[in-house]
Structures are given as C-alpha cells and as structure tokens.
Amino acid sequence: MHSLASYFEQMSQTLEQLPLQTLQRVANALWEAYQRDATIFVCGNGGSAATASHFACDLAKWTIKPQTRRVRAIALTDNIPLITAWSNDQGYTDIFVEQLQALYRPGDIIVAISGSGNSPNVIRAVEWGNAVGAVTVGLTGFDGGKLYRIAQIGLHVNNRFMPQVEDIHSTICHALAVNLGHQIEESLQVDTLRELAVGDSL
C-alpha cells in the first residue's frame, strides 16, 4: 500500500469482483426474513463487531416506511455487560451462541461477519444456527475461512488486506439495508394499488 490512490484503486477492483448473484441471495434472505417477521441477528469481532452494530442500526432505522411493520434486527455485539459476563464465566467463544439460545425463534436469520472467516465465536454461532434450522449468512474476506464453508449463504470478498475487507463489508451492509428499505416501500405501493383496484371493482 504505497499511496492513497492505490488504496482506492484496490478497493475499486475488489468491488468489481463481488459475486453479485450471491449478494442477491443475501438480499433475498433478508427480504424473506422481513416477510415472515423474523429477527435478523448480526455478529462479528473487532472492526466486524462495529460493522455488525452499524448494520443492525441501518436495518432497523433506514428501512422505516409509513404504515409498515418494522424490521427486527439485533446486533449480538451490543450487550457489553452480557458479553463480558459470558467471557469471564465461560469463555469468549460462547458470547454469541449463548445470546442466540435466549433470543432465537424459528425462522430467524444469523448474519456472521469475519474478515478471516475463522473467528471461533462466529463459527460457533453459525454452527448452532445451522443445527436449529436458522438461515445463516457469512460475510468473509481473505480465503473465506471456515465461515465461508459452513454458512448457508457465503459472500466472499476477494481481498487479503483487512482494512479493505472491512470497508467492503460495510459497503455491502449499507447496500443491503438500502435495498431492503426499497423492497418494503415497493411492497407498500403494490398493496396500495391492490386496495385501489378492489375499491374500484366494488
């Protein structure tokens, strides 16, 4: 990384390589979760923890539309007292799965974010989610790690420089939140048109 320009050039190249079909699969999973009033759980460590919190915030706030049900989104990174309690008593590896055992309902979705794809607590959360029938999504970088292999939907960022991987994960999360907001708005418009059509036919 020799200059500011080269940083952004590499970012641009990585974005161009994003697997858009897989990204659409993630978007579809979020939309389907909203339709069934499921909760979207998000988790990660370090910079990915910040991305998880940011994503949950945007899913909950950016998607608000008049006269529509709101999105259920929870970042498992945000309850610091509970995280430190589990870390102290039982180990850091359990901080996400223990929360899921209390909060998960059938049909919920788990979005796990890890640059390396090998964070043990994220892996545990996804393994637990797979075992109980949750929809699991993994956002990864580097070679994808174990997370990419075990997540039902693995979205891999082809980059081995952690700051850029985290930048692109943040961009992906913004795009997904904005897209979900558009889908909710479009569904509201469709429902309005249907109601008008029914009214005209009476």
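Under the annotation held in an unreviewed UniProt entry, the protein carries the name Phosphoheptose isomerase and is attributed to Chloroflexus aggregans.

**Student:** Teacher, can you tell me more about the packing of helix H5 (residues 95-103) against helix H6 (residues 120-132) here?
**Tutor:** When two helices pack together, their arrangement is given by the angle between the helix axes and by the axis-to-axis distance. At a minimum axis distance of 7 Å, the contact between H5 and H6 shows a crossing angle of 30°. Taken as axis vectors, H5 and H6 run roughly parallel relative to one another. Residues Ile95, Phe96, Val97, Leu100 and Gln101 of H5 touch H6, and the partners they reach there are Asn121, Val122, Arg124, Ala125 and Trp128. Considering only residue class, the contact of H5 with H6 consists of seven nonpolar, two polar and one charged.

**Student:** Mind showing me how you'd approach the pattern of salt bridges here?
**Tutor:** Proximity of charged atoms lets side chains of opposite charge pair with each other. Within the structure shown, the criterion is met by five salt bridges. Residue aspartate 37 is joined to arginine 69 by a salt bridge in which the shortest nitrogen-to-oxygen separation is 3.3 Å. Taken together, the positions of aspartate 37 in the loop between helix H2 (20-35) and strand S1 (39-43) and arginine 69 in the loop between helix H3 (47-61) and strand S2 (72-75) put the pair 32 residues apart, joining distant regions of the chain. Exposure remark for aspartate 37: the relative accessible area of 24% places this residue in the partly exposed category. Overall, the relative accessible area of 36% leaves arginine 69 in the partly exposed class. Across the pair glutamate 127 and lysine 146 runs a salt bridge whose closest N-O atoms are separated by 3.0 Å. You can see glutamate 127 sitting in helix H6 and its partner lysine 146 sitting in helix H7 (residues 145-150), a full 19 residues away along the chain.

**Student:** Is there a simple way to think about the sheet that holds S1 in this case?
**Tutor:** Hydrogen bonds between backbone atoms are what pair the strands of a sheet, whose relative direction is either parallel or antiparallel. Judged by pairing direction, the sheet is parallel, and its five strands sit side by side in the order S2-S1-S3-S4-S5 without closing on themselves. Either end of the sheet is taken by a strand with one partner, and the two such strands are S2 and strand S5 (153-156). Put simply, the sheet's adjacent strands are angled 15° from each other on average, direction ignored. Pairing geometry for strand S3 (residues 109-114) and strand S4 (residues 135-140), over six bridges, is parallel. Its bridge partner being in S4, isoleucine 113 is matched across the sheet by leucine 139. Lying over the sheet, H2 contacts S1, S3, S4 and S5, oriented at roughly 135° with respect to S5.

**Student:** Sorry if this is basic, but what is going on with the UniProt feature "domain: SIS" (unreviewed entry) in the protein here?
**Tutor:** Under the feature "domain: SIS" (unreviewed entry), the UniProt entry names residues 30-187. Across residues 30-187, helical content stands at 54% and strand content at 16%; the span's end C-alpha atoms are separated by 14 Å.

**Student:** Got a minute to help me understand the packing of aromatic side chains in this structure?
**Tutor:** For any pair of aromatic rings, the description consists of the separation of the ring centres together with the inter-plane angle of the planes. A full pass over the atoms with the stated rule returns four aromatic pairs. Between tyrosine 7 and phenylalanine 8, the aromatic rings sit 5.7 Å apart at their centres with planes inclined by 75°, giving edge-to-face as the arrangement. Overall, the relative accessible area of 17% leaves tyrosine 7 in the buried class. The exposed category is assigned to phenylalanine 8, whose relative accessible area is 56%. On the basis of an interplanar angle of 90° and a centroid distance of 5.5 Å, the ring pair of tyrosine 104 and tryptophan 128 is categorised as edge-to-face. On the criterion of sequence distance, the pair formed by tyrosine 104 in the loop between H5 and S3 and tryptophan 128 in helix H6 is long-range, its members being 24 residues apart. Owing to a relative accessible area of 15%, tyrosine 104 belongs among the buried residues under this scheme.

Conventions used here
- Residues numbered from 1 in each chain as written.
- Predicted model: local features only at pLDDT ≥ 70, side-chain atom pairs only at ≥ 80, totals over all residues.
- Heavy atoms only, no water.
- Axes fitted to C-alpha atoms, helices over the stretch in contact; angles between N-to-C directions.
- Helix = DSSP H or I, 4+ residues; strand = E, 2+ residues; numbered from the N terminus.
- Parallel < 35°, antiparallel > 145°, perpendicular 65-115°, else oblique.
- Contact = heavy atoms within 4.5 Å.
- Nonpolar A, V, L, I, M, F, W, Y, C, P; charged D, E, K, R; others polar.
- Salt bridge = Lys/Arg side-chain N within 4 Å of Asp/Glu carboxyl O.
- Buried < 20%, exposed > 50% of the residue type's maximum accessible area, 1.4 Å probe, protein only.
- Pairing = 2+ DSSP bridges.
- UniProt positions renumbered as here; feature names shortened; annotations may be inferred.
- Phe/Tyr/Trp six-rings, centres within 6.5 Å; stacked < 30°, edge-to-face > 60°.

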